[in-house]
Amino acid sequence: NGNVNDLAYNYENQFVRLSEKFYAKGSWPEPQYVAALVGDDGVFLTLYRELYYRHIYSRLHPSLETRFRSFENYCDLFNYILNSDGPIELELPNQWLWDIVDEFIYQFQSFCTHRSRVSKRTPEELALLKENSQVWNTYSVLNVLYSLIQKSNISQQLLVSQQGGDVVEAAGQFGVRPLYKMLGYFSIIGLVRVHCMLGDYTLALQTLENIELGNSRALFTRVTACHVTVYYYVGFAYLMMGRYADAIQTFVHILTFVSRTKQYQQRSFQFDTVNKKADQMYALLAIAVSLSPVRVDENIHTYLREKYGDQQHKMQRGGEEAIDVLSELYLFSCPKFIVPNPPNYDDIEAASNSAEPQSYQLKTFLREARLQLVVPTLRSFLKLYTTMGLDRLSTFLDMDAAELRNQLIVYKQRCRQIKWVGGADLLAGEPVTTTDLDFALQEDMIFIAESRVGRRYADWFIRNTNKVQDMINSLENRQKAVIADASKPKVEEQATVAVSA
């Protein structure tokens, strides 16, 4: 009937409830058994298969044949949407449209990981993978996402919207329909994820050139999972590019949003997904703060200190122990990287010994992090003085004076970063100093200047005022309960009164 509200309720509530009740440990009925109940409706069955295979991915272990069939079903769905003569008569809720794009990319990533583990595949599976090299091909996945963006004219719509022009005219025949518009928009966010999985962080940020990240009314805010996803990948891209101040600002913004809306999200089926992403971002934030000491929100800082206090202390001390902690937190919180090309199935030994993408990205990150780890250590000593001899500092650090001079120059360079100051271009920014401590080196003497930032007392007073108010309310309620109990006659007294009467 085209009732999107009822469809959204059934998708977000009823389907989840039925899955938990009847199919918690098994798959939904196979599509051929459902076909007779719906008159072989092709569109219904394509959408049902999308949910059917997604449920298998989330609850069971999909076989290689299931992975192939799911890809074929996505091809049928996107061909139906993209290759029709005119806009199709189909409306789906935003949450489902986002999940279609998100699940499409997840299954692509899962297949790339599955096929790269050649040592765990049987000869029959290797032969099947070799024969079907075009299934879940990187080019095919990117082609779908770019086609959805082009069909919807979403880039032109966003650009015209920023300039105050006629969005309807820019949208065209297909872009005016919510189905095409939202699929194109979510495909932009999906491209950011794919480029991060491939390790191209510059292109990932360029993809968002027409989306205003700080706009609270942007389309990505309509779906919480999309909202969290875009900030996660933007923050991670900044972290890998060495722009730690931007990474911290990005993570703090979205984590504050998640913490404030947590009580409302608990009723949503997205809660676990959002919570998991939040845990990963807290770990990434702990890394970024340890590499670049920037003041963060009081509540976020308190949570970080409670959960990652020991790890942060180890990272600030430096050394191999800090590298081990960085590696552990990074591997927990980073995306699942992929190799875009299939392995050489004719040379299993070489394919088995090829470098894992996770290890390669970790090595790239640690190469930059090792240089940045000197900042917290040097900063802790420089804060104690206004002038200091190079020899004395080298004695404190048990380091050669020449090597210390190089470390100070590295410190100076690392505290200057490009910081995004708003606008649509996330790669643009202004060079800023990311520390409150600066110094000048004149021959063998260090002159130190610290710019102290005034503390923000408002949050502290508001938080503690609320705590005091809660305590007062609790005491008043307890006092009322005691008075109420005291005013009631005891059972024995009631019995005595009855006998006297």
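Anything mentioned here points back to the structure above.
The sections below set out a description of the structure shown in this document.

Rules behind the numbers
- Throughout, a residue's number is its position along its own chain's written sequence, starting from 1.
- Where local features are concerned, this predicted model is filtered to residues with pLDDT of at least 70; where side-chain atom pairs are given and counted, the filter is 80 or more; whole-chain, interface and lining totals use all residues.
- Computation of side-chain values: all heavy atoms of the structure, hydrogens and water removed.
- Pairs of strands are assigned from DSSP output, requiring at least two bridges between the strands.
- The secondary structure listing takes helices from DSSP runs of H or I that are at least 4 residues long and strands from runs of E that are at least 2 residues long, numbered from the N terminus.
- By definition here, a salt bridge exists when the distance from a side-chain nitrogen of Lys or Arg to a carboxyl oxygen of Asp or Glu is within 4 Å.
- Type-normalised accessible area, obtained with a 1.4 Å probe on protein chains alone, sets the label of each residue: buried when under 20%, exposed when over 50%, and partly exposed for intermediate values.
- Residues belong to one nonpolar core when they are buried, are Ala, Val, Leu, Ile, Met, Phe, Trp, Tyr or Cys, and are joined through side-chain atoms within 4.5 Å.
- For this analysis, residues touch if any pair of their heavy atoms sits within 4.5 Å.
- For a helix, the expected span equals 1.5 Å multiplied by the number of residues minus one.
- Convention adopted: a line fitted to C-alpha atoms gives each axis, helices being fitted over their contacting stretch, and angles between N-to-C directions are expressed from 0 to 180 degrees.
- Any pair of Phe, Tyr and Trp rings, taking the six-membered ring for Trp, is counted once the centres come within 6.5 Å. Such a pair is stacked with planes under 30 degrees apart, edge-to-face with planes over 60 apart, and tilted for the rest.
- Note on criteria: charge over ring means Lys NZ or Arg CZ within 6 Å of the ring centre, with the direction from the centre no more than 35 degrees off the ring normal.
- By disulfide we mean two sulfur atoms from cysteines, separated by a distance within 2.5 Å.
- Each angle receives one of four descriptions, namely roughly parallel if under 35 degrees, roughly antiparallel if over 145, roughly perpendicular if within 65 to 115, and oblique otherwise.
- By the definition used in this description, the sense in which the near helix is turned from the far one sets the handedness, with an anticlockwise turn below a right angle giving left-handed and a clockwise turn giving right-handed.
- Any residue that is not Ala, Val, Leu, Ile, Met, Phe, Trp, Tyr, Cys, Pro, Asp, Glu, Lys or Arg is counted as polar, Gly included; the first ten are nonpolar and the last four charged.

With three bridges joining them, strand β1 (residues 387–389) and strand β5 (residues 445–450) adopt antiparallel strand pairing. Its bridge partner lying in β5, Met388 is registered against Ile446. Following strand β4 (residues 437–442), the chain reverses through two residues before pairing antiparallel with β5; Glu443 in that reversal takes a positive phi of roughly 55°.

Attention now moves to the pattern of salt bridges. Going through the model one piece at a time under the given rule, you end up with 12 salt bridges. Across the pair Glu20 and Arg59 runs a salt bridge whose closest N-O atoms are separated by 2.9 Å. Taken together, the residues Glu20 in helix α1 (residues 4–22) and Arg59 in helix α3 (residues 42–59) connect sequence positions 39 residues apart. Residue classification places Glu20 among the partly exposed positions, given a relative accessible area of 48%. Note that Glu91 and Arg177 form a salt bridge whose closest N and O atoms lie 3.3 Å from each other. Of this pair, Glu91 sits in the loop between α4 (64–82) and α5 (94–116) while Arg177 sits in the loop between α9 (167–175) and α10 (178–197), and the two are 86 residues apart along the sequence.

Here we come to the nonpolar core. With 126 residues, the main nonpolar core has Leu326 and Phe365 as its most contacted residues. Leave out the neighbours within four places in its chain, and Leu326 touches Ile287, Leu291, Met315, Phe365, Leu366, Ala369 and Leu373. With 16 residues, the next largest nonpolar core counts Met388, Leu390, Leu397 and Leu404 among its residues.

As a further point, take helix α16 (residues 298–317). Under the 1.5 Å per step criterion, the end-to-end length of α16 is only 23 Å for 20 residues, more than 12% shorter than the ideal 28 Å. For α16, the set of buried residues is Ile300, Leu304, Tyr308, Gln312 and Met315. Looking one or two residues beyond α16, the residue adopting positive phi is Gly318, at roughly 80°.

To continue, consider the sheet that holds β1. Strand order in the open sheet made by the three strands is β1-β5-β4, with antiparallel pairing throughout. Pairing within the sheet leaves two strands with one partner each, and these edge strands are β1 and β4. Averaged over all pairs of adjacent strands, the angle between their axes in this sheet comes to 25°, without regard to strand direction. Across the sheet, helix α21 (residues 390–397) touches β1, β4 and β5, and the angle it forms with β1 is around 75°.

Right, let's talk about the packing of aromatic side chains for a bit. In the structure shown here, the tally under the stated rule is 24 aromatic pairs. A ring pair is formed by Phe78 and Phe104, whose centres lie 5.1 Å apart and whose planes are at 70°; its orientation type is edge-to-face. Taken together, the positions of Phe78 in helix α4 and Phe104 in helix α5 put the pair 26 residues apart, joining distant regions of the chain. These aromatic residues form a ring-pair network of at least three members: Phe71, Tyr74, Phe78, Phe104 and Trp136. Positioned over the ring face of Phe174 is Lys151, at 4.3 Å from the centre of the ring. Sitting over the face of the ring of Tyr232, Lys277 holds its NZ or CZ atom 4.6 Å from the ring centroid.

Okay, the environment of Ser268 next. As for its placement among the helices and strands, Ser268 is situated in the loop between α14 (262–265) and α15 (271–291). A relative accessible area of 24% places Ser268 in the partly exposed class. Considering only alpha carbons, one finds Ser268 and Asp398, 130 residues apart in sequence, at a separation of 55 Å.

It is worth spelling out the state of the cysteines at this point. One covalent bond between the sulfur atoms of two cysteine residues makes up a disulfide. Scanning the model with the defined rule gives zero disulfides in all. The cysteine Cys112 is free of any disulfide, with Cys75 supplying the nearest cysteine sulfur at 14 Å. Overall, Cys112 belongs to the buried group, its relative accessible area being 4%. Unpaired in terms of disulfides, Cys196 finds its nearest cysteine sulfur in Cys334, a separation of 11 Å. Given the relative accessible area of 0%, Cys196 is considered buried.

Once that is clear, we can look at α10. Across its 20 residues, α10 extends 28 Å between first and last C-alpha, which sits within 8% of the 28 Å expected from 1.5 Å per residue. Among the 20 residues of α10, 18 are classified as buried, and the element is accordingly described as predominantly covered. Downstream of α10 by a residue or two, Gly199 has a phi angle that is positive, lying close to 85°.

Our focus in this paragraph is the packing of α3 against α5. For any two helices packed against each other, the geometry comes down to the angle between their axes and how far apart the axes lie. Relative to each other, α3 and α5 sit at 50°, their axes nearing to 11 Å. By the angle class used here, α3 and α5 are oblique. Where α3 crosses over α5, the two elements pack in a sense that is left-handed. Between α3 and α5, the residues in contact are Leu47, Glu50, Leu51, Tyr53, Arg54 and Tyr57 and Trp96, Asp99, Ile100, Glu103, Tyr106, Gln107 and Ser110, respectively. Classifying every residue of the contact of α3 with α5 by side-chain character gives seven nonpolar, two polar and four charged.

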